[in-house]
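Per-entry structural report
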Amino acid sequence: MTFYISKIFWLLAQPLSLTFTLLVIGLAAGRLGWRRIGTLAGTMAALLLFVTLFTSTGSVLLQVLEDRIPRAELASGGPSCIITLGGGFESEIIAARGGFEMTQAGDRFVETLRLAREFPEARILISGGDGSFSGAYEGDAVVGTRFFEAFGVPATRLIREGDSRDTFENAANTEALLAANNLGNCLLVTSAFHMPRSVGLFRKLGLAVQPWPTDYRTTGRASLGLDFSQPSANSQLMTTALREWTGLLFYYLAGRTHTLLPQ
């Protein structure tokens with residue numbers, strides 16, 4: 001139930017959806033003669049839309065998360081196992097067209113493939129089920145298995161966790177598989193902005209992981225200011241940033257992480 005509530009909440013709370021909601025409230029208030037409420041709602045909608053489209057706020061918020069946890073220093077011989085969190089494949093498109101169509105987070109799997117070739121003894125645990133409302137598609141664990149095998153990684157090196165639908169379930173379900181396969185202190189591969197929340201969840205469960213962030217979305221040199229050059233990209237960065245910060249706050253308040261912003 002928590003999974004569906006969080007999905008619905010984010011559909012309504014993301015910046016463009018919230019802007020639309022405020023506009024509807026403003027129009028309805030105007031029709032009812034509530035001019036102050038209508039003006040306030042319209043002003044808030046315009047301000048939110050301006051900040052989302054024409055400032056670097058999203059980049060700065062995302063950059064804070066990306067810079068929070070650097071890559072671990074690898075011991076000689078490399079890691080004994082690599083945990084790769086899902087979110088890197090376009091499940092709906094793959095179901096219709098086949099192949100390996102990737103999202104922006106596809107770097108998680110590309111980087112894991114590079115690591116798998118560099119450290120041929122490491123086991124690879126792919127964590128990711130179908131996170132859609134319908135549950136009708138293959139999860140990243142299934143598609144990821146085919147992806148690695150297509151590039152020469154043998155099935156004997158792969159461990160598949162295909163039931164998780166969000167990051168909390170990624171960590172909880174992975175815990176049992178690590179214990180069953182006698183694996184520990186693994187490399188954790190996920191998007192850089194997603195690493196603080198992921199590390200926080202694993203630590204709360206008592207699992208030691210070595211962070212290996214990838215899929216950076218910012219340059220690391222972003223500063224707050226106006227940016228009229230890329231409204232579409234700014235909107236996407238703001239949406240991603242607010243979603244991750246919201247997830248951090250929710251997991252902290254729910255007692256799933258020790259701190260609001262793990263490091």
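Up top you'll find the structure we're talking about.
As the structure is a computational prediction, the values presented were derived from the model and not from experiment. (Residues numbered from 1 in each chain as written. Predicted model: local features only at pLDDT ≥ 70, side-chain atom pairs only at ≥ 80, totals over all residues. Heavy atoms only, no water.)

Considering the nonpolar core
If you look at the biggest cluster of nonpolar residues, it comprises 18 residues, and the most contacted ones within it are Ile83, Leu178, Leu183, Cys186, Leu188 and Phe202. Counting 13 residues, the second-largest nonpolar core is a separate cluster that includes Ile94, Leu113, Ile126 and Phe148. (Core = buried A, V, L, I, M, F, W, Y, C linked by side-chain atoms within 4.5 Å. Buried < 20%, exposed > 50% of the residue type's maximum accessible area, 1.4 Å probe, protein only.)

Some points on the sheet that holds strand β2 (residues 123–127)
Whether parallel or antiparallel, the strands of a sheet pair through hydrogen bonds between backbone atoms. Across the sheet, which stays open at both edges, the 5 strands sit in the order β3-β2-β1-β4-β5 with parallel pairing between neighbours. A strand with exactly one partner marks an edge of an open sheet, and here the two such strands are β3 (158–161) and β5 (209–214). Between one strand and the next, the sheet's axes are offset by a mean angle of 20°, whatever the strand orientation. Relative to strand β1 (residues 81–85), helix α6 (residues 107–118) is tilted by about 170°, and along the sheet it contacts β1, β2, β4 (186–191) and β5. Contacts from helix α8 (residues 167–180) reach β1, β2, β3 and β4 within the one sheet, and its direction differs from that of β3 by about 135°. (Pairing = 2+ DSSP bridges. Helix = DSSP H or I, 4+ residues; strand = E, 2+ residues; numbered from the N terminus. Axes fitted to C-alpha atoms, helices over the stretch in contact; angles between N-to-C directions. Contact = heavy atoms within 4.5 Å.)

A look at the layout of surface pockets
Of the pockets and cavities examined, the largest pocket occupies roughly 1800 Å³. Surrounding the largest pocket, 50 residues form its lining, Lys7, Gly87, Gly131, Arg165 and Arg243 being those nearest its centre. Those elements that provide at least two residues to the lining of the largest pocket are α1 (2–13), α5 (91–97), α8 and α10 (231–253). Broken down by element, the residue count for the lining of the largest pocket peaks at 10 residues, all from α10. For the second largest pocket, the lining is made up of 14 residues, of which Ser59, Arg217, Gln230, Asn234 and Leu237 are closest to its centre. When contributions to the lining of the second largest pocket are tallied by element, the ones reaching two or more residues are α4 (57–66) and α10. When residues of the lining of the second largest pocket are assigned to their parent elements, the largest contribution, 5 residues, is made by α10. (1 Å grid on protein atoms, 1.4 Å probe; cavity = no way out; pocket = protein on both sides within 12 Å on 5 of 7 lines; lining within 4 Å. Points joined across faces, edges and corners; volume = space filled by probe spheres on them.)

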